[in-house]
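Per-entry structural report
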Amino acid sequence: MDAARPRIAPARVSLPMYNLPEMRAQNAAFWHAMRVELSRCGVDEAPDELDFERKPVPSEIEADTLLTQVCGYPLQTIYRGQAVLLAAPVYADDYSDGPTHRGIFIVRKDAPFRTLEDLRGCRYAFNSIHSNSGMNLPRRAIADIAGGRPFFGSIVETHGHPANIERVARGEIDATCVDCVTYAFLERYRPAATAESRVLGATPPSPSIPFVTAAGAPPALQEALRTALLRVARAAEWASVREGLLLKDIVPIADASAYADLLDYETQARALGYPELR
């Protein structure tokens, strides 16, 4: 790449999807590894630090975004055309299978619920109307049993997966649906919350939350980012970085249409008379 070393303007870098305050050192270590590998790929002037304040669902994917993770469902809706898929993570948790994940329904450990049908009429919270694991996937799961009618007794949008798990643990709500990787991180970093909760069931599978860059990133920079991600995922040098973030691997995205297929779950729910989580 010496003949045309990719250069970047001041850029945004964030990992907002799995960004508990307790995980800042682990996420910072991941970005340090990425900076090293980007430098080896000939990319100069990568930002020194992550933006730890970036929201999981920002208003847009800014044109100066160098690297971030974005939920697959809003990539097909509010962010369509704003980002380029780079690679997909493979996580070491109980519900991920290769570069996939699921939403999991969480209830209190001592709750009487045994099946999703038992949640009919309960107090329910979800993180965002734009969320795949919080809204799109559970909507599809509940559509099969809702009979085209409102299913929950009450429902509230809260803008946070971790806080919803803690609300369940405290008995403030009866149930929520969260990304399975988020729950695995809560088990590691906030075991008091997960000790008082349990998994009731899982949604259909979904492609894992991808690493992306802004749509306008030059092709040479896109390729350098992909190469750096795969090296961080596989080089022995970065084994401790991967362990800190439950990463088993990062893989190329063989079929980008798998993310577009997330809209099929929305279409199916509508066809079953359940167009929105309610």
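As a reminder, the structure under discussion sits directly above these lines.
Residues numbered from 1 in each chain as written. Predicted model: local features only at pLDDT ≥ 70, side-chain atom pairs only at ≥ 80, totals over all residues. Heavy atoms only, no water.

On a plain count of helices and strands, the chain comes out with 10 helices and 10 strands. Taken against the 2.2 N^0.38 rule, which gives 19 Å for 278 residues, the C-alpha radius of gyration of the chain at 19 Å falls within 12% of a compact globule. Judged by the C-alpha coordinates and their principal axes, the chain covers about 65 × 40 × 30 Å. Burial statistics for the chain: of 278 residues in total, 53% are counted as buried. Relative to all contacts within the chain whose residues are 6 or more apart in sequence, the contacts with residues 24 or more apart total 80%. When the accessible surface of the chain is summed, it comes to about 11800 Å², and 51% of that surface belongs to carbon and sulfur atoms. Between the centroid of the 30 positive side chains of the chain and the centroid of its 35 negative side chains there is a distance of 3 Å. (Helix = DSSP H or I, 4+ residues; strand = E, 2+ residues; numbered from the N terminus. Rg over C-alpha atoms; globule rule 2.2 N^0.38 Å. Buried < 20%, exposed > 50% of the residue type's maximum accessible area, 1.4 Å probe, protein only. Contact = heavy atoms within 4.5 Å. Areas by Shrake-Rupley, 256 points an atom, 1.4 Å probe, with all protein chains shown as cover. Lys, Arg positive; Asp, Glu negative; His and termini not counted. Charge placed at Lys NZ, Arg CZ, Asp CG, Glu CD.)

Okay, the pattern of salt bridges next. It is possible for side chains bearing opposite charge to pair when their charged atoms get close. Tallying each qualifying case throughout the model produces 20 salt bridges. Residues Arg-190 and Glu-22 are paired through a salt bridge, measuring 2.8 Å at the closest nitrogen-oxygen approach. Placement of Arg-190 in the loop between helix H5 (180-189) and helix H6 (191-195) and of Glu-22 in the loop between strand S1 (12-13) and helix H1 (24-40) is noted, with a sequence separation of 168 residues between them. Overall, the relative accessible area of 34% leaves Glu-22 in the partly exposed class. (Salt bridge = Lys/Arg side-chain N within 4 Å of Asp/Glu carboxyl O.)

Let us now look at the packing of aromatic side chains. With the rule as written, the count across this model stands at 6 aromatic pairs. Centre to centre, the rings of Phe-30 and Phe-211 are 5.7 Å apart; their planes meet at 10 degrees, and the pair counts as stacked. Of this pair, Phe-30 sits in helix H1 while Phe-211 sits in strand S9 (residues 211-214), and the two are 181 residues apart along the sequence. Just as Phe-30 is buried, Phe-211 falls in that class too. Through a chain of ring-to-ring contacts, the aromatic side chains of Tyr-18, Tyr-91, Phe-185 and Tyr-189 assemble into a single cluster. (Phe/Tyr/Trp six-rings, centres within 6.5 Å; stacked < 30°, edge-to-face > 60°.)

Taken in spatial order, the 5 strands of this open sheet run S1-S2-S9-S3-S10, and their pairing is mixed. Pairing within the sheet leaves two strands with one partner each, and these edge strands are S1 and strand S10 (247-251). Of the strands in this sheet, S1, strand S2 (65-69), S9 and S10 touch H1, which is tilted by about 135 degrees from S2. Lying on the sheet, helix H7 (residues 219-234) is in contact with S2, strand S3 (83-91), S9 and S10; it crosses S10 at an angle near 155 degrees. (Pairing = 2+ DSSP bridges. Axes fitted to C-alpha atoms, helices over the stretch in contact; angles between N-to-C directions.)

As a further point, take helix H3 (residues 132-146). Of all the bends found along H3, the most pronounced is centred on Arg-139 and spans about 30 degrees. In terms of residue burial, H3 counts as a mostly covered element, since 13 of its 15 residues are buried. Of the residues that open H3, the one with a side-chain oxygen 2.9 Å from the backbone nitrogen of Gly-134 is Ser-131. In the segment just after H3, Gly-147 is the residue with positive phi, at about 65 degrees. (Bend = angle between axes of the 7 residues up to and from the residue. Polar contact = N/O pair within 3.5 Å; in protein donor to acceptor, adjacent residues only side chain to side chain.)

Below, the discussion takes up the nonpolar core. With 77 residues, the main nonpolar core has Phe-30 and Leu-119 as its most contacted residues. Setting aside its immediate chain neighbours within four residues, Phe-30 contacts Leu-15, Phe-211, Leu-229, Val-232, Val-241, Leu-245, Leu-247 and Ile-250. (Core = buried A, V, L, I, M, F, W, Y, C linked by side-chain atoms within 4.5 Å.)

Let's shift gears to the sheet that holds strand S5 (residues 123-126). Sheet architecture is open: 5 strands sit in the order S6-S5-S7-S4-S8, paired in mixed fashion. Edge strands, defined here as strands with exactly one partner in the open sheet, are strand S6 (154-157) and strand S8 (197-207). For this sheet, the mean angle separating the axes of adjacent strands, direction not counted, is 20 degrees. Those strands touched by helix H4 (residues 161-170) are strand S4 (100-108), S5, strand S7 (175-179) and S8, and its axis lies near 145 degrees from that of S7.

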